[in-house]
Amino acid sequence: MKIATYNVNGVNGRLPVLLRWLEESKPDVACLQELKAPQEKFPEQAIRDAGYHAIWHGQKSWNGVAILSRHEPPQEIRRALPGDQEDLHSRYIEATIDGIIIGCLYLPNGNPAPGPKFDYKLQWFERLAVHAQSLLAQKKPVILTGDYNVMPTEKDVYKPERWVDDALFRPETRAAFAKLAGQGWTDALRTLHPNETIYTFWDYFRDAFGRNAGLRIDHFLLSPEIKGRLKAAGVDKQVRGWEKTSDHAPVWIELSKG
């Protein structure tokens, strides 16, 4: 079973790239972030024609998350992160597919930091941690994946000294990720590739992709009940080099059958 996460940076503007990647990579499940489209503008028919069922939570101009499934339709559990009824950002959607609970998330960027946006990021992180703990308590196979907007360690960022004041790399952000992972989650990519330089995002500016000046900010966290099924993990880096592509590349894991 192949599960992928991909910040598409605009699902309609990047639709040809998304459809090409789905055809070439053929993930069984694909979690998408930054749809940047209201609910009614999601390209449902194009996704269906590509062979995927979909659930999504859109938002005009910003945010937006979706879960695609090539086989059985996703059984939606929730489309918001618990803990703040006044938070209207479309940043979380959760479903069951093939007995696995999959949470697709787009964690706030948080810049400029310090400031209100950084406070919101840390508050969202705390809400995620509370919900993640409740998921672990169910003792079921769970995957929390998406754009976490955090580089967990210096190994996950090109020239870390340039990022010390950025919301994605500040000590508070990394501590929040470490606290979350410390609940008992397995960082899939780093578990299988402990010493490799792995990036999932390259800025559009200063030829970042050509220089491989990237960041690892898209992650898979696996619950104890499913980590033993992890067989492979990687980044479809070539997609970042396609024309009119996202600044993120798709990230994927492969699981053995349960």
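The preceding data block contains the structure.
Residues numbered from 1 in each chain as written. Predicted model: local features only at pLDDT ≥ 70, side-chain atom pairs only at ≥ 80, totals over all residues. Heavy atoms only, no water.

So, the state of the cysteines: which residues are in play, and what are the values?
A full pass over the atoms with the stated rule returns zero disulfides. As a non-bridged cysteine, Cys31 has Cys104 as the owner of its nearest cysteine sulfur, 4.4 Å distant. Residue classification places Cys31 among the buried positions, given a relative accessible area of 0%. (Disulfide = S-S within 2.5 Å. Buried < 20%, exposed > 50% of the residue type's maximum accessible area, 1.4 Å probe, protein only.)

Before we move on, could you go through helix H4 (residues 171-181) and cite the residues and values that matter?
Of all the residues in H4, the buried ones are Thr173, Ala176, Phe177, Leu180 and Ala181. Buried residues in H4, looked at end-on, bunch into an arc of 130°, giving them a common side. Away from the buried face of H4 by more than 90 degrees, exposed residues Pro171 and Lys179 are located. Elements in contact with the buried residues of H4: helix H3 (116-136), strand S9 (186-187) and strand S12 (218-222). (Helix = DSSP H or I, 4+ residues; strand = E, 2+ residues; numbered from the N terminus. Arc of directions from axis to C-beta. Contact = heavy atoms within 4.5 Å.)

Residue-level account of the nonpolar core, with values.
One finds Ile3, Ile67, Ile143, Phe220, Leu222, Ile253 and Leu255 to be the most contacted residues of the largest nonpolar core, which totals 25 residues. Elements that contribute at least two residues to this core include exactly strand S2 (29-33), strand S4 (65-69), strand S6 (92-97), strand S7 (100-106), helix H5 (188-192), S12, strand S13 (230-235) and strand S14 (251-255). At four residues, S7 tops the list of elements feeding residues into this core. Apart from residues lying up to four places away in sequence, Leu222 is in contact with Val142, Ile143, Gly184, Trp185, Thr186, Ala188, Lys227, Leu230 and Ile253. (Core = buried A, V, L, I, M, F, W, Y, C linked by side-chain atoms within 4.5 Å.)

Describe a positive patch on the surface, with residues and values.
Together, Lys159, Arg162, Arg206 and Arg211 give the surface a local cluster of positive charge. Mapped onto the fold, Arg211 is located in the loop between strand S10 (201-202) and strand S11 (214-215). Arg211 gets classed as partly exposed once you look at its relative accessible area, which sits at 38%. (Patch = residues over 30% accessible without salt bridge, like charges linked within 9 Å, V, L, I, M, F, W, Y side chains within 5 Å. Areas by Shrake-Rupley, 256 points an atom, 1.4 Å probe, with all protein chains shown as cover. Salt bridge = Lys/Arg side-chain N within 4 Å of Asp/Glu carboxyl O. Lys, Arg positive; Asp, Glu negative; His and termini not counted. Charge placed at Lys NZ, Arg CZ, Asp CG, Glu CD.)

Let's hear about the packing of aromatic side chains: which residues, and what values?
Considering all chains together, one arrives at four aromatic pairs under this definition. Aromatic pair Tyr148 and Phe177: ring centres 5.6 Å apart, planes at 85°, arrangement edge-to-face. Taken together, the positions of Tyr148 in the loop between strand S8 (142-147) and H4 and Phe177 in helix H4 put the pair 29 residues apart, joining distant regions of the chain. Residue classification places Phe177 among the buried residues on the basis of a relative accessible area of 5%. Measuring from ring centre to ring centre gives 5.2 Å for Trp202 and Phe209, while their planes differ by 85°; the resulting arrangement is edge-to-face. Sitting over the face of the ring of Trp242, Arg20 holds its NZ or CZ atom 3.6 Å from the ring centroid. (Phe/Tyr/Trp six-rings, centres within 6.5 Å; stacked < 30°, edge-to-face > 60°. Lys NZ or Arg CZ within 6 Å of the ring centre and 35° of its normal.)

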